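# An overview of the molecular structure
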Amino acid sequence: MASDWLPQRCGKVKDMGKGFDIGLERLTAAGVPPLGETQEGGLKPPLQDAGATGATFYLETFGCQMNDHDSEKVAGVLLARGYRQVDGPEAAKVILYNTCSIREKAAQKVFSRLGELRPAEEKLTADSQQPTAEEPPKHNFERVVHGARAAGKSAQPGMAVPREANHPSLRKIVNAGGGKIIGVLGCVAQQEGEEIFERAPWVSLVCGSASYRKLPQLLAELEAGNRRVTGLDTDTDETFETEITRRDNPWRAYLTIIEGCDKACSYCVVPFTRGPERSRASASILEEVRRLAEVGYSEVQLLGQTVNSYADPSARKMRFSELLAAVAEARGIRRVRFTTSHPRDFGKDIVEAIEAHPTICDHVHLPVQSGSTAVLRAMARTYSREEYLEKIALMKAARRPISITTDMIVGFPGETEKDFEETLSLLDEVQYDSVFAFKYSPRPNTPSLKMPDAIPEEEKGRRLAILMDRQREIQRVRNEKLVGETFEVLVDGKSRRENQWSGHTSSNRVMNFASPERELLGDYVQVKVVSAMPNSLVGEMVGRA
Ligand code: 5AD
Ligand code: SF4
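Attention in this report is confined to the structure presented alongside it. In this text the structure is predicted, and so the values were computed from the model without any measurement.

Here is what the cut-offs are and how they apply
- Residues numbered from 1 in each chain as written.
- Chains lettered and ligands numbered in written order.
- Predicted model: local features only at pLDDT ≥ 70, side-chain atom pairs only at ≥ 80, totals over all residues.
- Heavy atoms only, no water.
- Pairing = 2+ DSSP bridges.
- Helix = DSSP H or I, 4+ residues; strand = E, 2+ residues; numbered from the N terminus.
- Contact = heavy atoms within 4.5 Å.
- Axes fitted to C-alpha atoms, helices over the stretch in contact; angles between N-to-C directions.
- Expected span 1.5 Å × (residues − 1).
- Buried < 20%, exposed > 50% of the residue type's maximum accessible area, 1.4 Å probe, protein only.
- Arc of directions from axis to C-beta.
- Parallel < 35°, antiparallel > 145°, perpendicular 65-115°, else oblique.
- Left-handed = near helix turned anticlockwise from the far one by under 90°.
- Nonpolar A, V, L, I, M, F, W, Y, C, P; charged D, E, K, R; others polar.

## Some points on the sheet that holds strand 5 (residues 205-207)
Strand order in this open sheet of six strands is 2-1-3-4-5-6, and the pairing throughout is parallel. Among the strands making up the open sheet, the edge pair consists of strand 2 (84-85) and strand 6 (229-231). Where strand 4 (residues 181-185) and strand 5 come together, three bridges link them in parallel fashion. Within strand 5, the residue paired with G183 across the bridge is L205. Sheet contacts for helix 2 (residues 65-80): strand 1 (56-61), strand 2, strand 3 (94-99) and strand 4; angle to strand 1, the most-contacted strand, approximately 175 degrees.

The following block contains the structure:
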């Protein structure tokens, strides 16, 4: 990401019933044999672990799209070992949380979940500690993908899990039948390491994303009776590729092309939690894209914390823009997205690739973080306001309109009123189609933790509200200009209300529309905009695409 992760406003697929689960099944239907059977060519047969057959797992994901996709791969690894996925922790033998620590509140949620799983016999140690209220989901970054959210309050990281979080129904889970395996994956696992065992002794697996290659081995150790296992190395040059990925979205396939981050922004935990940059070989990416198209995916989204810093490790040495073009040319692929781009590595060649390939979506998420060069310098973002605006100018000069979205942080240490006004003026100047704005959250190990002139929480809140108001108005005006225009929409949601559907335009706008058709999910249709709101468009279907 320039931690810069793609906004997930678009991600949720609604009301798809069984269709939602067809990731693995699609592969099966397309010729991948059931678990344990062999196959010729294509995917290799999955490993079958007789000991694990029939065991169940529950996997809950917090955080960004990289985490969502990591969870799809983790699920693939478990399914290949003979596990079965269930949608609640009650029925699961293995309970896994794939965690996010980008901001403090995200990390707190994990300790809240762990508190819910505290066995009854555990002594309460946190009587005097107050849980904090759970942050309402302001945006979709912390969307839960696998399974439902359980009730419970948040605990402070660094403290024992509070009593209030010890939800009685979940407590039964750990006690009933015993032998549950509870694991913490992802960024909190990497950040807190073995300390998680101290705080929540009922956890038996702690594994950061840079060590996911070791997951099958760690699982085997747990199955063999080991009480505690960890995967916490970050000094790996491997990426996490799996033989089977259990994809949750039946039309849009996520594909990580670069993992980790070398950028070292002063506020960000990602370089610590996800390790250094590792890119996947271009041939392997292109092969996977071809297979995805063959089994029916029409949209692929290339993922990376800094996706455009992609550096092909193979002799082919494809540049990111060349890879983008090659993916766009794959037969059967109708939409290519990529996220998140870092401004420093964003060049004209990427804009040219978009211009030359209609299948590359006309949307770029280019996090700026601040409109003030002084703050950008303190953030170690490696560009000034003016340099960022040069990248914006490249996109504005493109032959077709490119929708631009961004991330911003308010209340960075030392941010003056004047700095903040420069951020507001950047909104006016760039005219973003969407902004994900966050209050600065001090994170462990990061250089900004020690910076002077912290901004009080209340003031951060005030600035955030002003920024969001200003941007809402910009979006309202921009979207209203689209009334009367017709867009191609990939339909990915069906409302409970009759004849109401939703989908996304190439620019990633949400379009709600009416159509009397009986089945449209997964189809590309033409929709004419009849009215507009700041975060979505309303239209009516005028034809098939
Ligand atoms: N505090 C607040 N926001 C942060 N982000 C990353 N680290 C922090 C932090 N410490 C934001 C950035 C990034 C997005 C995914 O999260 O805006 O682009
Ligand atoms: Fe993005 Fe900077 Fe964090 Fe890297 S260090 S993930 S570029 S915010």
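From this point, the narrative continues.
## Description of helix 14 (residues 417-430)
For helix 14, which comprises 14 residues, the first-to-last C-alpha distance of 20 Å matches the rise-based estimate of 20 Å (1.5 Å per residue) to within 8%. Within helix 14 the residues assigned to the buried category are D419, F420, T423, L424, L426, L427 and V430. Projection of helix 14 onto a plane perpendicular to its axis shows the buried side chains occupying an angular sector of 150 degrees, all on one side. Looking at the buried residues of helix 14, the elements they touch are helix 12 (373-379), helix 13 (385-396), strand 13 (403-410), strand 14 (434-439) and helix 15 (457-480). Immediately beyond the C-terminal end of helix 14, within one or two residues, lies Q431, with a positive phi of roughly 60 degrees.

## Describing helix 2
Look at helix 2: 23 Å from first C-alpha to last across 16 residues, which is about the 22 Å you get at 1.5 Å a residue. The buried count for helix 2 comes to 16 of 16 residues, which makes it a mostly enclosed element. Looking one or two residues past helix 2, G82 carries a phi angle of roughly 100 degrees, positive in sign.

## A few points about the packing of helix 14 against helix 15
Where helix 14 meets helix 15, the closest approach of the two axes is 10 Å, and the angle between their N-to-C directions is 15 degrees. Taken together, the axes of helix 14 and helix 15 lie roughly parallel to each other. For the crossing formed where helix 14 meets helix 15, the hand is right-handed. Where helix 14 approaches helix 15, its residues E417, F420, T423, L424, L427 and D428 are matched on the opposing element by E459, R462, R463, I466, L467, R470, Q471 and I474. Here the contact of helix 14 with helix 15 is built from residues that sort into six nonpolar, two polar and six charged.

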